[in-house]
Structures are given as C-alpha cells and as structure tokens.
Amino acid sequence: MFRSLRVHDYRLWASGAIVSNVGTWMQRTTQDWIVLTRLTHHDAFAVGVTTALQFGPQLFLSPLTGLVADRVSKRTLLTVTQAVMGLLGLVLGILVLTGTDTLLEVYGFALLLGVTAAFDAPARQSFVSDLVGPGDVSNAVALNSASFNLARLLGPAAAGLLTEAVGAGWVFVINALSFAAVLTSLRFIHAPAFAAREGRSRSFTDIGEGFTTVLRRRDLLIVFVLVAILGTFGLNFPIYASTMAVLFGQGATGYGLLSSALAVGAVTGALLSARRPAPRFPLLILAGALFGAGLLLGAVAPTYLWLAIALPLVGVASQTFMTTANGLVQLGVDRVVRGRVMALYMATVMGGTVVGGPFVGWVANALGPRQGLVVGAVAGLLVAVLGAAYLRRHAEAREPVVPAD
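Owing to the predicted nature of the structure, the values given are computational and were not obtained by experimental measurement.

**A word on the layout of surface pockets**
Where empty space is left in the structure can be found by rolling a water-sized probe over the atoms.
Here's step 1: Computed from the structure, the second largest pocket encloses a volume of approximately 180 Å³.
Here's step 2: In terms of lining residues, the second largest pocket is bounded by F2, L5, Y10, A14, I18, L143, A146, S147, L150, V267 and L271.
Here's step 3: Looking at the lining of the second largest pocket, the elements that each hand over two or more residues are α1 (8-37), α8 (137-165) and α14 (252-275).
Here's step 4: Top element by residues in the lining of the second largest pocket is α8. It accounts for 4 residues.

Next up, the structure:
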C-alpha cells in the first residue's frame, strides 16, 4: 500500500504536501463559512460563486497552464505557485483580522487563488511519474489522494475549532505559514526530470496537443465525460456540508465535522486504491453508483448524526472514482503531453464548478439543502449508467490500463 514512500524524493514531497494540504483545507473551510455566515445571510449561491471563482480558472486557462507544465521546470513552477498561494492566504488573513474584508474582496482572493492553482495543478498532478518508476505511478497517485484527503479530514475540523476559538483571520495566517513545509521539500528533491524542462517548445501551436490527444482516444474521452458530469454536479461538498450544517442548526465546528466525515471515507477510498496494482474502468461504474446512493441517504437523513454517518460512503465512492480516473489518464498518455492532458483533466474536475457550484447553490436556496444533495446523487447514478453502457460496447475496457511509457 505504501511502496512509493520507499523512494526518497517522493517521501520528501509527501511530507511537505501533507502539512500544506491541511492548511489549504483549513482556509477553504473558513472561507466558505465566513461567506455563508458573516458576509452574507446564509446565501448558498454566494458560496457557489466563491467555489466557481476559485476553480473556474482551471477551466479557461487549462490549454496554457498545461503547456507551461510541460515546458517549464516543475521545481521552478511549483515553487512560484506555492509561494504565491501562501502570500494570498497571508494577505486575506490580515484583512479578516482587521475587519476590512468584504464579500467582493473574498471573491477577488478566490479568483487570484484559482488562477495560481490553475498553473500549479497540472505540474503537481503530472510530476509524480518523475519521482517514481512506471510500476509505482498508480500507487503514488493514490497515496497523493490519501494525503490530500487526510488533510481534508484534519483541516476542516481544525478550521471549525480555530474559527470559534481565535477567529477566522488566524486560520488564513496559519495556512500561509504551512506553505513553508512544501517549499522546503521542493528545495531538496533531486530527481533530474523534476528539475529539467520536459522538452523544447516549437511554438504555442503545441498548446492544442492535449485536446487532440483526448479527442483521438475514446478510452480517454469517456473518462473525461464521466469526470465532467460528476465534477460539475456531484463534487460540490462545501455547499452540501455548509447548507446541511445550517439546516441542522450547527455552527462552524459542526460544519467542519461534516467535511471531516466526508474525508474519513475519502482517505479510506484512496488507501484502498493504493493497494490495487492498476486502475480499472469498471471501478468508475461501481464508484458512481455508490456515490449516488450515499448522497441519497444523506438527503433523507433525519438528523445531523445520520447525515454524518452517511457521508463517509460518499467520500469512499468519490475518492475511488477520482483516483481511478486520474490513474487511467496519467498511465494512458505519453510523458511528453502528460502536463497538457492533466491540465485538461483538472479543468474538467474543477472547472465544472463554474456551472455546477452556483447551480447547486441555487437549488439549495430555492428548494432546500436536501434537494442540493439530490442533484449530486443523480449525477453519480448517471455516471454509473453511462459507464456501464460504454463497458457493454467496449469489452477491452475491463482490462487494466497498460502504461504508455
């Protein structure tokens, strides 16, 4: 399960990333909470807009950011993006501490963070294969997801406690300080491919190569379609957790604990994925069905406790789905275009919230928080149906993917 940690460079990255990821989840949780409860009067649509601004740039900038990830030293690129994200967290923390923050300013910081993350994500997603051998790529991807979701387990709960104990502004400051860990780890990684450029750039006409790679490959295209559906209408956890916490009369701590309940399942799903030797398409179908079932259970939960019990199933399903999809894409493309393809993948995952976040927020406002969960449940069940239809027509999809390089 943990075989990639035997690699020195990967171990360095993982140790720095877990600290930074905890801080990032603390900031995300606190940011959504102050928008919902302090800067607006429980406006779920405003939370959806904040989410869209933070993740939308990955949709619109993906062709450029993917090319940059393939052409620029990943060490340099990640050092710059991580430092900028830390600085943004520090400035936002100062504004909140001084009481000068406004909704428009939070929107602005969410957008700036989204632009920075758009350049960070494809490099961070595609560099794993530079640190471990081809046989360990699937395991390293799963362990990255486990680390991210372990932070998702710890971060929201810590954010809720700290928000009520010392105030939201200090949460942002602590997040800014957490970036020192990942910046230190980047300094001491020695993998040659990690420090070098991927290749020569003939011109910016190379920018479309990621698109053509995906469009030519039906096995990749179906994964992108399924990810787009679930990413747009299903993966809106901040809206689900914040609105349902308010519905059940919970404060910031209760909201953080719901996010952590999701993360318990997500960590479990990621670790189970790490045990598998290779990603397999049928897992996408199973995970989509479980995702839909879990959200339906959450939508009808009679109490806060029953909701918290149902959410780990959603976490297991979502992480199994996303880790499998990530592995299928990374192992299925050549290294020379991996950054551009992963930029499109991240745009598909996160960029869909430009539409899905505000839409689910509007549903929660107009029809109620439970109906917001139903939207996500329908997305999961639709993914399972479409995946099963593809598998029935293309039997080769049952086999594990063979690494492209």
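Right, picking up where we left off after that structure.
**Focus on empty space enclosed by the protein**
Here's step 1: All told, the structure shown has 6 cavities of 30 Å³ or more when counted by the stated rule.
Here's step 2: Its volume calculated, the second largest cavity comes out at about 70 Å³.
Here's step 3: Taken together, the elements giving at least two residues each to the lining of the second largest cavity come down to α8 and α16 (304-331).
Here's step 4: Of the residues contributing to the lining of the second largest cavity, the split by class is 4 nonpolar, 5 polar and 1 charged.

**Some points on the pattern of salt bridges**
Here's step 1: Summed over the entire model, instances satisfying the criterion amount to 2 salt bridges.
Here's step 2: A salt bridge links D101 to R38, with the nearest nitrogen and oxygen atoms 2.5 Å apart. Placement of the pair is D101 in the loop between α5 (74-97) and α6 (103-126) and R38 in the loop between α1 and α2 (44-55), with a sequence separation of 63 residues.
Here's step 3: Across the salt bridge formed by R217 and D219, the nearest N and O atoms sit 2.9 Å from each other.
Here's step 4: Accessibility expressed as a relative area gives 34% for D219, which makes it partly exposed.

**Focus: unusual backbone geometry**
Here's step 1: Of note in the backbone geometry, H42 takes a positive phi value of approximately 55° without being a glycine.
Here's step 2: Judged by its relative accessible area of 40%, H42 is partly exposed.

**A word on the UniProt feature "transmembrane region" (unreviewed entry) in the chain**
Here's step 1: Feature annotation in UniProt assigns "transmembrane region" (unreviewed entry) to the following positions: residues 77-97, 168-189, 220-240, 252-274, 281-300, 306-329, 341-360 and 372-391.
Here's step 2: Across residues 77-97 one finds 100% helix and 0% strand; the C-alpha atoms that close the span lie 31 Å apart.

**A look at α1**
Here's step 1: Over its 30 residues, α1 runs 44 Å from end to end, which matches the ideal 44 Å to within 8%, given 1.5 Å per residue.
Here's step 2: Extensive coverage of α1 is indicated by the burial of 23 of its 30 residues.

**Notes on a nonpolar patch on the surface**
Here's step 1: Where nonpolar side chains cluster on the molecular surface, the patch consists of F211, L215, L221, V225, L382 and L386 and spans about 490 Å² of accessible area.
Here's step 2: If you list the elements that add at least two residues to the nonpolar patch, you get α11 (209-216), α12 (218-233) and α19 (369-393).
Here's step 3: Mapped onto the elements, V225 comes out in helix α12.

**Comments concerning the packing of aromatic side chains**
Here's step 1: Summed over all chains, the structure comprises 6 aromatic pairs.
Here's step 2: Ring geometry for F224 and Y345: centres 6.2 Å apart, planes at 85°, overall edge-to-face. With F224 in helix α12 and Y345 in helix α17 (residues 338-351), this residue pair connects regions lying 121 residues apart in the sequence.
Here's step 3: A centroid spacing of 5.3 Å and a plane angle of 55° characterise the contact between F281 and Y390, whose relative ring orientation is tilted. In this pair, F281 sits in the loop between α14 and α15 (282-299) while Y390 sits in helix α19, placing the two residues 109 residues apart along the sequence.

**Here's the deal with the domain arrangement of the chain**
Here's step 1: Segmenting the chain into domains produces domain 1 (1-199) and domain 2 (203-404).
Here's step 2: Counting from both sides, the interface comprises 57 residues of domain 1 and, opposite them, 60 residues of domain 2.
Here's step 3: Summed over both sides, the interface of domain 1 with domain 2 buries roughly 4,800 Å², with 67% coming from carbon and sulfur.
Here's step 4: Scanning the region where domain 1 abuts domain 2 turns up 0 salt bridges.
Here's step 5: Those elements that provide at least two residues to the side of domain 1 that touches domain 2 are α1, α2, α3 (57-60), α4 (62-71), α6, α7 (128-131) and α8.

**Notes on the environment of V336**
Here's step 1: Along the chain, V336 turns up in the loop between α16 and α17.
Here's step 2: The partly exposed category is assigned to V336, whose relative accessible area is 45%.
Here's step 3: With 265 residues separating them along the chain, V336 and R71 place their C-alpha atoms 9.4 Å apart.

**Details of the nonpolar core**
Here's step 1: In terms of nonpolar packing, the biggest core is built from 102 residues, with V223, F281, F321 and Y345 touching the most fellow members.
Here's step 2: Each of two domains, domain 1 (1-199) and domain 2 (203-404), supplies a minimum of three residues to this core.
Here's step 3: Excluding anything up to four places from it in sequence, Y345 contacts F224, V227, M322, A325, N326 and V329.
Here's step 4: W25, A151, A159 and V171 belong to the second-largest nonpolar core, a separate cluster that totals 6 residues.

**What to know about the packing of α5 against α6**
Here's step 1: Following both chains from N to C, one finds α5 and α6 inclined at 160°, their axes separated by 9 Å at the closest point. As summarised for this structure, α5 and α6 are arranged roughly antiparallel, according to the angle between their axes. Crossing angle aside, the handedness with which α5 passes α6 is left-handed. Contact residues: α5 offers K74, L77, L78, T81, Q82, V84, M85, L88, V91, L92 and L95, while α6 offers E105, V106, F109, L112, L113, T116, A117, F119, D120, A123, R124 and S126.
Here's step 2: Here the residues of the contact of α5 with α6 sort into 15 nonpolar, 4 polar and 4 charged.

Parameters and conventions
Residues numbered from 1 in each chain as written. Predicted model: local features only at pLDDT ≥ 70, side-chain atom pairs only at ≥ 80, totals over all residues. Heavy atoms only, no water. 1 Å grid on protein atoms, 1.4 Å probe; cavity = no way out; pocket = protein on both sides within 12 Å on 5 of 7 lines; lining within 4 Å. Points joined across faces, edges and corners; volume = space filled by probe spheres on them. Helix = DSSP H or I, 4+ residues; strand = E, 2+ residues; numbered from the N terminus. Nonpolar A, V, L, I, M, F, W, Y, C, P; charged D, E, K, R; others polar. Salt bridge = Lys/Arg side-chain N within 4 Å of Asp/Glu carboxyl O. Buried < 20%, exposed > 50% of the residue type's maximum accessible area, 1.4 Å probe, protein only. UniProt positions renumbered as here; feature names shortened; annotations may be inferred. Expected span 1.5 Å × (residues − 1). Patch = residues over 30% accessible without salt bridge, like charges linked within 9 Å, V, L, I, M, F, W, Y side chains within 5 Å. Areas by Shrake-Rupley, 256 points an atom, 1.4 Å probe, with all protein chains shown as cover. Phe/Tyr/Trp six-rings, centres within 6.5 Å; stacked < 30°, edge-to-face > 60°. Domains from an automatic or database assignment. Contact = heavy atoms within 4.5 Å. Buried area = accessible area lost by both parts, 1.4 Å probe. Core = buried A, V, L, I, M, F, W, Y, C linked by side-chain atoms within 4.5 Å. Axes fitted to C-alpha atoms, helices over the stretch in contact; angles between N-to-C directions. Parallel < 35°, antiparallel > 145°, perpendicular 65-115°, else oblique. Left-handed = near helix turned anticlockwise from the far one by under 90°.

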